[in-house]
Amino acid sequence: MTSTTQPRSAAGGEVELAIGGMTCASCAMRIEKKLNKLDGVTATVNYATEKAKVTFSEGVEPEQLIAQVEAAGYTAELPKPQRTEDSAGDTAEPEDPTRSLRQRLIGSVVLSVPVIALAMIPALQFTYWQWISLTLAAPVVVWAAWPFHKAAWANLRHGAATMDTLISIGTLAAFLWSLYALLFGTAGTPGMAHPFELTIQRMSGDGNIYLEVAAGVTTFILAGRYFEARSKRRAGAALRALLELGAKDVAVLRNGTETRIPVDQLAVGDRFIVRPGEKIATDGVIEDGSSAVDASMLTGESVPVEVGPGDAVVGATVNAGGRLVVRATRVGSDTQLAQMAKLVEDAQTGKAQVQRLADRVSAVFVPIVIALAVGSLAFWLGAGGSVAAAFTAGVAVLIIACPCALGLATPTALLVGTGRGAQMGILIKGPEVLESTRRIDTVVLDKTGTVTSGRMSLVGIHVADGADADEALRLAGALEHASEHPIAKAIAQAARDKLGTLPEVEGFTNVEGLGVQGVVDGKAVLAGRTALLADWSQHLPDELAALKAAAEAEGKTAVAVGWDGQARAVLVVADTVKPTSAEAIRQLRALGLTPVLLTGDNEAVAKAVAAEVGIDEVIAEVLPADKVDVVKRLQGESKVVAMVGDGVNDAAALAQADLGLAMGTGTDVAIEASDLTLVRGDLRAAADAIRLSRRTLGTIKGNLFWAFGYNVAALPLAAAGLLNPMIAGAAMAFSSVFVVSNSLRLRRFRSLSGTDAAESQRVG
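Bear in mind that the values here come from a model prediction, so they are computed numbers and not experimental data.

Caption draft 1: Representation of unusual backbone geometry in the model. Here Tyr128, not a glycine, exhibits a phi torsion of approximately 70°, which is positive. Secondary-structure assignment places Tyr128 in the loop between helix H3 (99–120) and helix H4 (129–144). With a phi close to 65°, Ser638 is a non-glycine residue in the positive phi region.

What follows is the structure, encoded as structure tokens:
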């Protein structure tokens, strides 16, 4: 599929900029404010996708927007047009943006572990151990922590403070003071040791080193950033997966000859062939042939659509029946599939920003700490203290203010919470997902594949007087077994499940658009529409005709069956409700959520399903674009919306929602566009996911409070010049131990369903 280039004229319009250099959500907010200061410009910046969606009026050039972003200390460029994947498949693999971060993390871990061990375990402090620590810690502070220093400098130039500022100042202060103590103080003397004592006394500080603080903090923060970057990298995968759904090549008819060409060479007006089982290459109109088209991934309709000459078909849907000749009416970026990809992209870009909790605290905490450090230095100098003692107090404030636990607060809770979720069949994509779960009050549920199984199943057998239900199922199942139609497969499967082996069929014939016929056990059998049976003078008795009409009024599919010259049975096929869906709705209501059923199916089917599971509000017969509009409308009513879905047609709505939950039994596109994935395909997991996410968020907040709390408590000692290495180490250790143990409590989280279905299915 090709993509259109962004507008570059000064006549106004909309442009999407690729932003570089952002390290946190506050960076996105800074760029957004900078862009919105321009007259006639409205901008939304998404930290996750690293894109800015900008609407500008006449007279504003895209180059002005880029200059404005660069003035804020970041980079911006107009996205390059996407290359189409050629038939040779020589498209270059994009470079992994997490590679550099991963290398820094691995190097930091290898070098930091011995530094921390030497500092915290007196028995390991051999002669000259401090110089070995310096040698190992230097690359960690200079090379591994370089992204933090770079970001801190960029923030400083623009008068801002984030967590990067705190990390950079704290690690550099600890390292530089250690370097001073080793070179000019007494810390470099042979046999120097950090005794294990917690005495509080005033000291010059030139005999103490804090290399383990600098190395440990860098390593912990790098670990958190790496796991966040991995989840961020998946942000664009939904679009790639969506476009890959389409056919790669197509059999086109030109000058009466069938030629296989890449789908991107297809032009409007071309006639192409679609064989049974193939994907339809692009949007078009059928000129010859009839079939059943499975459009469930795009439309959400669980029942295959019967099509014939003159009917419109959509690209990427599957031809489930006969051979079709289709004339292309829309190609490339004009197709419904490409438009759906655009919907997903727009929804992701416009998604509400979630500020990182650590950055919020840092924005206030950093200036206070710097002011306190400068104040301590000035006080001791003014009080007549030595320069060394004054600097000891000032630097100690900076060191103690950089808590190791801050780096553990989010990653450990997320690690334990996501690990517990994975055991229960819940995959959480990243920390920014969690805050949305706290505020949601409305949950929109797709019907097909979410509340229902998404597969056609036999739900009823009605027979005329004198006929046997098992015989009707056996004959119809044997006949339908020879057909590829999805409804036929449902009947055949039900017959095999109940009766075992089915007899062979002779003289099988598929009557296009009507049904099938053949000979089973010497009996001429017909199955399909009533028109097929009527052609053989087999008419449904009034009772069966009434039952058939009642089933169809509920949105179910009724198949008439006749043998031995008479219409004798009606088999009813439908998409069945999952047995756990009703309980799931009760659990969602218990969380204070209002469920809404949203579907592309007709209203009769939707209301029947809603009544069965206990949902009051139903929105039916909606197209993919309408699903996004429904979510937007609910958000416009000041509701915070969660969306649960499983199909391609749900992807844009999942991205638009404040919280997107995808059933793991669904399509990759839906999973990539979502925030949470429910591996089990059990809707009860949605309630568990929201509860677990809320619990994990609460744990992160508690961790952040205590991560700062322990260190804030030690700040007065630092400012008074009473801080020794063991008190600093103890503050670090106690806060870290608390954060880890608090996070481990999430392992006790249990499902409301009593047992964790996923655990019982774990593979040894």
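Caption draft 2: Broad picture of the pairing of strand S22 (residues 594–598). By the criterion of burial, S22 is predominantly enclosed, with four of the five residues buried. The pairing of strand S15 (residues 442–446) with S22 spans five bridges and is classified as parallel. The residue bridging Val444 from the neighbouring strand is Val596, located in S22. Where S22 meets strand S23 (residues 617–619), three bridges bridge the pair, whose relative direction is parallel. Its bridge partner lying in S23, Leu598 is registered against Ile619.

Caption draft 3: Fine view of the confidence of the model for the chain. When pLDDT is averaged along the chain, the result is 79; 81% of the residues meet or exceed 70. Of all the helices and strands in the chain, helix H27 (residues 757–760) carries the lowest mean pLDDT, 40, while H4 carries the highest, 94. The low-confidence segment residues 1–10 (pLDDT under 50) makes 31 contacts with residues lying over four places distant or belonging to another chain. Across residues 351–355, where pLDDT falls below 50, the model places 19 contacts with residues more than four positions away in sequence or in other chains.

Caption draft 4: Broad picture of the environment of Ile169. Within the secondary structure layout, Ile169 lies in helix H6 (residues 163–184). By relative accessible area, which is 26% here, Ile169 ends up partly exposed. With 232 residues separating them along the chain, Ile169 and Ala401 place their C-alpha atoms 9.5 Å apart. Dropping the residues within four chain positions of it, Ile169 is found in contact with Ile370 and Leu398.

Caption draft 5: Focus on the UniProt feature "transmembrane region" (unreviewed entry) in the chain. When the UniProt feature table is mapped onto this chain numbering, "transmembrane region" (unreviewed entry) sits at residues 105–122, 128–146, 166–189, 209–227, 361–381, 387–416, 703–720 and 726–744. Note that residues 105–122 is 89% helix and 0% strand, and that its end C-alpha atoms are spaced 27 Å apart.

Caption draft 6: Inspection of the sheet that holds strand S4 (residues 75–77) at higher detail. Read from one edge of the open sheet, four strands run S2-S3-S1-S4, paired in antiparallel fashion. Looking at strand neighbours, the two that pair on one side only are strand S2 (41–46) and S4, the edges of this open sheet. Mean inter-strand twist for the sheet, computed between neighbouring axes without regard to direction, equals 25°. In the sheet, S2 pairs with strand S3 (residues 51–56) via six bridges, with the strands oriented antiparallel. Among the inter-strand pairings, Val41 is bridged to a residue of S3, identified as Phe56.

Rules used throughout
- Residues numbered from 1 in each chain as written.
- Predicted model: local features only at pLDDT ≥ 70, side-chain atom pairs only at ≥ 80, totals over all residues.
- Heavy atoms only, no water.
- Helix = DSSP H or I, 4+ residues; strand = E, 2+ residues; numbered from the N terminus.
- Buried < 20%, exposed > 50% of the residue type's maximum accessible area, 1.4 Å probe, protein only.
- Pairing = 2+ DSSP bridges.
- pLDDT = per-residue confidence, 0-100.
- Contact = heavy atoms within 4.5 Å.
- UniProt positions renumbered as here; feature names shortened; annotations may be inferred.
- Axes fitted to C-alpha atoms, helices over the stretch in contact; angles between N-to-C directions.

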